Amino acid sequence: MTFDWPTALPLIFAGLMGLAILIYVILDGFDLGIGILFAASADSEQDTMIAAIGPFWDANETWLVLAVGLLLVAFPMAHGTILSALYLPVFVLLVGLILRGVAFDFRAKVPAGKKQRWNRIFFIGSATASLAQGYMLGVYVLGLDVGLGGMAFGALVALCLSAAYAAMGSAWLIYKTEGDLQRKAVRWLRTTLVLTALGMVAVSLATPLASPRIFDKWFLWPEILYLSPLPIVSALLFLWLWRQTFHLPKPDDRHSILPFLTLAAIFALGFAGLAWSFYPYVVPDRLTIWQAASAPESLAFILVGTVVVLPIIIFYSFYAYRVFGGKATDLTYD
Amino acid sequence: MDPLILSRIQFGANISFHILFPAITIALGWVLLFFKLRYNATGDSAWMRAYFTWVKVFALSFAMGVVSGVTMSFQFGTNWPGYMETVGNIAGPLLAYEVLTAFFLEAAFLGIMLFGFRRVSNRIHTLATVLVAGGTTVSAFWIIALNSWMQTPAGFEMIDGKAHALDWWAVIFNPSMPYRLVHMLLASGLTVSFLITGLSALRYLYGDRSESMWKALRTGVFTAAILIPIQIFAGDQHGLNTLAHQPQKIAAMEANWNTDPNVPLVLFALPDEAAKENRFEVTIPDGASLVLRHSASGVVPGLNDYPGNHPPVFPVFWGFRIMVGTGILMLIVSWLAAFFLKRRHSLPKPLALLMVPMTISGWVATLAGWYTTEIGRQPWLVTGVLKTADAVGPVPGSHVALTLAIYLILYLLLLIAYLGVLVHLALKAAKDGDASPLPGVMNAAMSQPAAGE
């Protein structure tokens, strides 16, 4: 294959979009998850939980804007098709994101008596947004099927993705907190892991069964051999993490970030599996990335900026995480 | 109901709600930097108190802007797929550059700006403030570039019904872009000056005479007094630019039905589009010719030149008048207040009472101005390229109506909560006065030198 830009550019942008979605799911996953865990936490713990995500959530959510932006910019045809088909779930997602986003700020600034109300709104918004994302994922893997079966499957994935986010949130709390809250987070992690695993199995089975094309991509020899590490490594990581939850927290709080990184790795593996299934389609079995792509001169113009700016973004995001490293204490405006 | 009109109302509601918050954050970032630099230079802790009061307003406004902005990025696809399909090659990169160069910058450094004062050096904290303020402005730059391109498209060619960029420089710096950008940045400056002035006046009325209140009040009043004449001049230049590139918009703004010399300036009227005339007209003879052509016999374009191709007259006419009227009120109030603060070193109570409702005058003028220019572009979505009616998606009207109703309720509640918190923050600051705890004093072990004390 010779290298030519009109072929390469949509591929590069599909990769960038995938990267943005993966980073979004991992980063906003933990702060959405902490919102879900609000339902199970005591009032006294909630300020610490917010402090563990307060400085980061804005930047985390920006990855969603980038992912949707790249879909919009690089694959305008697909943007319209996918988002019109998912009109109502997208709307629910947006309302959820609006509610939780503003609750972050309102809960800290309203008179003390009204704080509880915004805590509840924060939970409701986080849960709604997570459920909507899961539902959309479920419907998408079935090829944007919105029949009754598709909806039921969407509901299952919605539940499991929310549990997966809650697991991410628990793992983040293990890293960022100490004492009772940290021990509580370990128990949360154990519970939510079960549903996370169930969800991954459900999506992994449904995707090939819903589409013969995807089935063939996975279960023909020799592909099945090359691809087998993906599910095997995922399963091993799950088992290892499950066992870990009985030994956490470690003495001196060693390696407290490991559960989070393990979950992130599991997410990345699952995401790689999905990417393999759907490539080269951006709308399952309807539009390939080349059919949906913008004009090469537009993609080239964006690519120039992306190549320069993306490393800078990643660099200063790391910097921001480092500034707020260590255990979360009560967040104060200073 | 008709999905087209419902989708338009929905988009209008979303973007109206959204613009309220960038209109604040764009300029408030720079005001915060000013507070910070004054503190760095003088070591006076009152500046830092003003900073911490207003950084909370900034954080809240930023959050409201982010969440409503996320909604906008989805709306293009859900309601207006025809837009990206036709001009996606132009609009896409401009939006992408906004996210890449501005949005991430703001979001990442906002955390440090809000919560990092004790965790980073003072210099890094100042730098974070610079980057956030710069980020909001760069963000405005890209969005205004795209909006202006939709008003006065340039630097592209149409191939198979799709816009392709020929010259990115011409696309970005299209004919109306510099005027609109300056007009919007000044509008943001005025919105923030009156916000600060109004809430400080509220503190003043509640008996707060603290140094941080005076510092914020003076900053607000003097900024407004300086910016408003500049804005009036910039707005006039923007109008002349519109006259050159979108004469039908000017004709609607002036409710001028026939192209003629010696056109009067209509101060008040109820334009009647069916009869093609104005009712209850109050006019200044030759006024419009003088303003637009700088000569009493200057020819002003009329709506008769654009049959079926001009915007609805009533909203454009009144949007413009509300904006200009608010601007004149801003001029009077800010100059009066500046006079009293400068010469008498006091603030008369009636003036303070007038300043409190003026807190949201910037919002009124900004919205009225955007309604004028956006409705003034109709029936086009992209002038001469794409009609609004051709871009709407296949979503059923009932879905749009349902989501619209929920959005409207949600926005109304959020707006009430937002304004409630602003008043709450102002009254709390009024109560604490100069006794409010200063960050950096509370946790000595981690702190920087206790802010100036």
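Model, not experiment: these values are computed from the prediction.

Chemist: Help me understand the overall build of chain B, please; the structure alone is not making it clear to me.
Modeler: For chain B, the count of helices and strands is 14 helices and 6 strands. Whereas a compact globule of 453 residues would reach a radius of gyration of roughly 22 Å, chain B reaches 23 Å, a difference of no more than 12%. Once the C-alpha set of chain B is aligned to its principal axes, its extents read approximately 70 × 50 × 40 Å. Taking the contacts inside chain B whose residues are at least 6 apart along the sequence as the reference set, 74% of them involve residues at least 24 apart.

Chemist: Is there a simple way to explain the overall build of chain A in this structure?
Modeler: Looking only at helices and strands, chain A features 14 helices and 2 strands. The C-alpha radius of gyration of chain A comes to 20 Å, within 12% of the 20 Å expected for a compact globule of 334 residues. Counting over 334 residues, chain A shows a buried share of 51%. In chain A, the proportion of contacts linking residues at least 24 apart, taken out of those at least 6 apart, comes to 76%.

Chemist: For this particular structure, what's the right way to read the interface of chain A and chain B?
Modeler: The accessible area lost on association of the parts is a frequent measure of interface size. With 55 residues of chain A at the contact, the number on the chain B side is 61 residues. Residue assignment for the side of chain A that touches chain B shows that the elements contributing at least two residues are α3 (57-74), α4 (76-85), α5 (87-109) and α14 (296-323) of chain A. Looking at the side of chain A that touches chain B, the element that brings in the most residues is α5(A), giving 14 residues. Among the residues making up the side of chain A that touches chain B, the classes are represented as 36 nonpolar, 13 polar and 6 charged.

Chemist: Is there a simple way to explain the confidence of the model for chain B in this structure?
Modeler: Interpretation of this model should avoid reading the predicted coordinates in detail wherever pLDDT is low. All names here are of chain B. Mean pLDDT for chain B: 85, with 95% of residues reaching 70 or above. Within the model, the stretch residues 440-453 combines pLDDT values under 50 with 25 contacts to residues more than four positions away or in other chains. Here the complex is predicted with pTM 0.85, and the ipTM for its interfaces comes to 0.77.

Chemist: Honestly, the pairing of strand β3 (residues 265-272) of chain B in this entry has me stumped. Any pointers?
Modeler: For a regular strand, side-chain orientation follows a simple rule: the groups alternate between the two sheet faces. Residues and elements named next belong to chain B. Bridge count between β3 and strand β4 (residues 277-284): 6 bridges; the pairing is antiparallel. From the neighbouring strand, L265 faces β4, where its bridge partner is I284. Turn length for the β3-β4 hairpin, with the two strands adjacent in sequence and antiparallel, is 4 residues, and the turn residue K276 shows positive phi of about 55°.

Chemist: Got a minute to help me understand the UniProt feature "transmembrane region" (unreviewed entry) in chain A in this structure?
Modeler: Listed under "transmembrane region" (unreviewed entry) in the UniProt record, and renumbered for this structure, are residues 12-40, 85-106, 118-142, 148-175, 187-206, 218-242, 257-279 and 299-319 of chain A. In residues 257-279 of chain A, helix accounts for 91% and strand for 0%; the two terminal C-alpha atoms are 32 Å from one another.

Chemist: What am I meant to see in helix α7 (residues 148-176) of chain A here?
Modeler: Since the α-helix advances by 3.6 residues per turn, residues separated by three or four positions end up pointing in the same direction. Taking 1.5 Å as the rise per residue, α7(A) with 29 residues should run 42 Å; its terminal C-alpha atoms sit 42 Å apart, in good agreement. Burial analysis of α7(A) places 21 of its 29 residues in the buried class, which makes it a mostly covered element.

Chemist: How should I be thinking about the environment of A:A52 in this particular structure?
Modeler: Residues and elements named next belong to chain A. For A52, the location among the structural elements is in the loop between α2 (43-51) and α3. Note on A52: 25 C-beta atoms within 10 Å, which makes it buried. C-alpha of A52 to C-alpha of K176: the two residues are 124 residues apart in sequence and 6.1 Å apart in space.

Chemist: Looking at this model, I keep getting lost on unusual backbone geometry. Mind explaining?
Modeler: Residues other than glycine predominantly adopt negative phi, and peptide bonds predominantly adopt the trans conformation. Residue and element names in this part refer to chain B. Cis rather than trans, the peptide bond between Q378 and P379 has omega equal to 0°. As for its position among the elements, P379 is in the loop between α13 (361-375) and β5 (380-382). With phi around 50°, A255 is a residue other than glycine that occupies positive phi space. Topologically, A255 is positioned in the loop between α9 (247-253) and β3. Look at H294: it is not a glycine, yet its phi comes out positive at around 55°.

Chemist: Sorry if this is basic, but what is going on with helix α8 (residues 211-245) of chain B here?
Modeler: With 35 residues, α8(B) extends 49 Å between its outermost C-alpha atoms, agreeing within 8% with the 51 Å of an ideal straight helix rising 1.5 Å per residue. The axis of α8(B) is deflected most strongly, by about 25°, at B:L227, and proline B:P229 appears within four residues downstream.

Chemist: Even after reading the chapter, I still don't get the packing of helix α7 (residues 177-205) of chain B against α8(B), so can you show me in this structure?
Modeler: Angle between the axes and distance between the axes are the two parameters that describe a pair of packed helices. Residues and elements named next belong to chain B. Packing of α7 against α8 leaves a shortest axis separation of 7 Å and a crossing angle of 150°. Comparing their axes, α8 and α7 come out roughly antiparallel. Handedness of the α7/α8 crossing: left-handed. Here the residues of the contact of α7 with α8 sort into 17 nonpolar, 13 polar and 2 charged.

Cut-offs applied
- Residues numbered from 1 in each chain as written.
- Chains lettered and ligands numbered in written order.
- Predicted model: local features only at pLDDT ≥ 70, side-chain atom pairs only at ≥ 80, totals over all residues.
- Helix = DSSP H or I, 4+ residues; strand = E, 2+ residues; numbered from the N terminus.
- Rg over C-alpha atoms; globule rule 2.2 N^0.38 Å.
- Contact = placed C-beta atoms within 7 Å.
- Buried ≥ 20, exposed ≤ 12 C-beta atoms within 10 Å, placed from the backbone.
- Nonpolar A, V, L, I, M, F, W, Y, C, P; charged D, E, K, R; others polar.
- pLDDT = per-residue confidence, 0-100.
- Pairing = 2+ DSSP bridges.
- UniProt positions renumbered as here; feature names shortened; annotations may be inferred.
- Expected span 1.5 Å × (residues − 1).
- Bend = angle between axes of the 7 residues up to and from the residue.
- Axes fitted to C-alpha atoms, helices over the stretch in contact; angles between N-to-C directions.
- Parallel < 35°, antiparallel > 145°, perpendicular 65-115°, else oblique.
- Left-handed = near helix turned anticlockwise from the far one by under 90°.

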